[in-house]
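# Fold and geometry: a report
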Amino acid sequence: MGLKILLTGASGLVGGSFAPLATAAGHQVTGIVGRWSHTLPGLARQVALDLQDEAAVRALVREERPEVIVNAAAISEPAQCDAEPEKAWRLNVALPGYLAQVAVETGARLIHLSTEQVFDGARPPYAIGDPRRAINRYAQHKLEAEDRVLVAAQTAVLRLPLLMGNSPGVRRSVHERLLMLWADGKAAKLYLDEIRQTCTADSVAAALVELCARPDLRGALHWAGAEPISRLDIGRRVRTHFGLTEAQAPIIAVSRRDDPAAQATRQADLSLDLAPLARELRVRPETFDEALAKLRLPAWWRTQT
Ligand SMILES: NC(=O)c1ccc[n+]([C@@H]2O[C@H](COP(=O)([O-])OP(=O)(O)OC[C@H]3O[C@@H](n4cnc5c(N)ncnc54)[C@H](OP(=O)(O)O)[C@@H]3O)[C@@H](O)[C@H]2O)c1
């Protein structure tokens, strides 16, 4: 029997991958979007709602009575959190808090998405119980949200790495952003000593679909790729994967050592220990080559270049 799932952030990178996969697995997904105005695949119902409106969110959950709420909505870019700190706090901290409350009230299980950035990057690899220390506003918000949602015993918090993939808006993921820079004729400045265990949103979606049906897996959990890799290598391998030349896709290697601002706000190495999920789930953590193979060139790239 499929589950009734309420998904926030249905138009985002993760939400856009999750809904079709969950529907294919037999679940019934209601997806909430914000500004997105097109019909998304894989949704039984699509609802446009400003998630800052606490009363409307609570009312929708009471009306829908989902068995699982997947919270994939956020202001997920650190720079945007700094530009609009109050709005970011409402989406990244207040929203998970009232979703957790209304989940308890209605008997739903909340799966909340968090980030590797709750760790400071100085002592990798990070296990789920390791001390968290936020070094930027986005990370501080996500850390505070974890504390708000984990008061409910049935909640799972899934910490994710830097994500690749094909986003519904085709301008959100790592390779889509690199392509945007290159389409503008700019070089990508990439840190050779910033390490991430990236994976695709499709890999996250597969883990999430299994997690929805595993209420025994609760508390903080980690999902990521199989291999730590530097931002510089990510960029170079994306360029090679799409057959682009150095002239079409310029990359400048930079080091954290030469950049005090980066040292203060960007984590050096966010490699994650994937226990216990990697042994509990059927889906395997993706290798970087497997992730690359899933990436598509957005249609706008062909028209702009
Ligand atoms: N992307 C990453 O590299 C990454 C890494 C680690 C963790 N995470 C976490 O994973 C989760 C999903 O991230 P993502 O990258 O998929 O996010 P994303 O692509 O930036 O999408 C954000 C989603 O939130 C929705 N949203 C934002 N403000 C809203 C509002 N006021 N009302 C309604 N909806 C609103 C957006 O809807 P509209 O576009 O329709 O407005 C969109 O669907 C987040 O919790 C993020 O912190 C992401």
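What counts and what doesn't
- Sequence positions are assigned chain by chain, starting from 1 and proceeding in written order.
- The predicted nature of this model means local features are confined to residues of pLDDT at least 70 and side-chain atom pairs, given and counted, to a pLDDT of 80 or more, with totals for whole chains, interfaces and linings taken over all residues.
- As a convention, hydrogens and water are excluded, and side-chain values are obtained from all of the structure's heavy atoms.
- When accessible area is computed with a 1.4 Å probe and restricted to protein chains, residues below 20% of their type maximum are described as buried, those above 50% as exposed, and intermediate ones as partly exposed.
- Under the DSSP-based scheme used, a helix requires at least four consecutive residues in state H or I and a strand at least two consecutive residues in state E, with every element numbered from the N terminus.
- We call two residues contacting when some pair of their heavy atoms lies within 4.5 Å.
- Two strands form a pair only when DSSP identifies at least two bridges running between them.
- To obtain an axis, a line is fitted to C-alpha atoms, over the contacting stretch when the element is a helix, and the angle between two such axes runs from 0 to 180 degrees between their N-to-C directions.
- Put simply, buried Ala, Val, Leu, Ile, Met, Phe, Trp, Tyr and Cys residues joined by side-chain atoms within 4.5 Å make one nonpolar core.
- We count a salt bridge whenever a side-chain nitrogen from Lys or Arg sits within 4 Å of a carboxyl oxygen from Asp or Glu.
- If even one non-hydrogen atom of a residue comes within 4 Å of a molecule or strand, that residue is called near it.
- Pairing of N or O atoms within 3.5 Å defines a polar contact, subject to two protein rules: one partner must be a possible hydrogen donor and the other a possible acceptor, and residues neighboring in sequence count only if both atoms are side-chain atoms.
- Here the Shrake-Rupley method, with its probe set to 1.4 Å, supplies the accessible areas, and only the displayed protein chains count as covering residues.
- Three residue categories are used. Nonpolar comprises Ala, Val, Leu, Ile, Met, Phe, Trp, Tyr, Cys and Pro, charged comprises Asp, Glu, Lys and Arg, and polar comprises the others, including Gly.

## Let's talk about helix α2 (residues 54-64)
Among the residues making up α2, those that are buried are A56, V57, R58, L60, V61 and E64. Residues of α2 that are buried sit in contact with β1 (4-8), β2 (28-33), β3 (45-48), β4 (68-71) and α4 (85-106). Downstream of α2 by a residue or two, R65 has a phi angle that is positive, lying close to 50°.

## So, the sheet that holds β4
The strand order across the open sheet built from 7 strands is β3-β2-β1-β4-β5-β6-β11, with neighbouring strands paired in parallel fashion. In the strand order of this sheet, the two ends are held by β3 and β11 (219-222), each with one partner. Here the strands of the sheet are splayed against their neighbours by 20° on average, with no regard to which way each runs. Inspection of the sheet shows β4 paired to strand β5 (residues 109-115) by 4 bridges, in the parallel sense. Directly across from V68, in β5, lies its bridge partner R109. Each of β1, β2, β4, β5 and β6 (156-160) is contacted by helix α1 (residues 13-24), which is oriented at about 165° to β1, the strand it contacts most. Taken strand by strand, helix α5 (residues 137-149) contacts β5 and β6, and its axis lies near 155° from that of β5.

## Description of the nonpolar core
Most often, soluble globular proteins have nonpolar side chains that are buried together. Within the largest apolar cluster, 36 residues are counted, with the highest numbers of intra-cluster contacts made by I5, F18, V70, L158, L208 and W223. It is helix α7 (residues 201-212) that provides the largest number of residues to this core, a total of 8 residues. Beyond its immediate sequence surroundings of up to four residues, F18 is in contact with I5, L7, V70, A205, L208, V209 and C212. Listed in part, the 27 residues of the second largest apolar core include V47, A73, A108 and Y138.

## Points about the pattern of salt bridges
On inspection of all chains with the given rule, the structure shows 20 salt bridges. Across the salt bridge formed by E105 and R62, the nearest N and O atoms sit 2.6 Å from each other. In this pair, E105 sits in helix α4 while R62 sits in helix α2, placing the two residues 43 residues apart along the sequence. Classification of R62 by relative accessible area gives partly exposed; the value is 37%. We note a salt bridge from E116 to R196, for which the minimum N-O separation is 3.8 Å. With E116 in the loop between β5 and α5 and R196 in strand β9 (residues 195-196), this residue pair connects regions lying 80 residues apart in the sequence. You can call E116 buried: its relative accessible area is 3%. What emerges from the salt-bridge pattern is a single network uniting E116, E194, R196, R231, R256 and R266.

## Here we look at the site of the ligand
In the neighbourhood of the ligand, 29 residues make up the surrounding shell, with S11, R35, S76, Y138 and K142 lying closest. One of the backbone N or O atoms of L51 is found 3.0 Å from a nitrogen atom in the ligand. R172 places a side-chain nitrogen or oxygen 2.9 Å from an oxygen atom of the ligand. Surface burial for the ligand is 90%, taken as the share of its 900 Å² of free accessible area covered by protein chains. Mapped by element, the contributors of at least two residues to the shell around the ligand are α1, β5 and α5. Its residues assigned to classes, the shell around the ligand comprises 17 nonpolar, 8 polar and 4 charged.

Bear in mind that shape data such as this cannot, by itself, settle questions of function.
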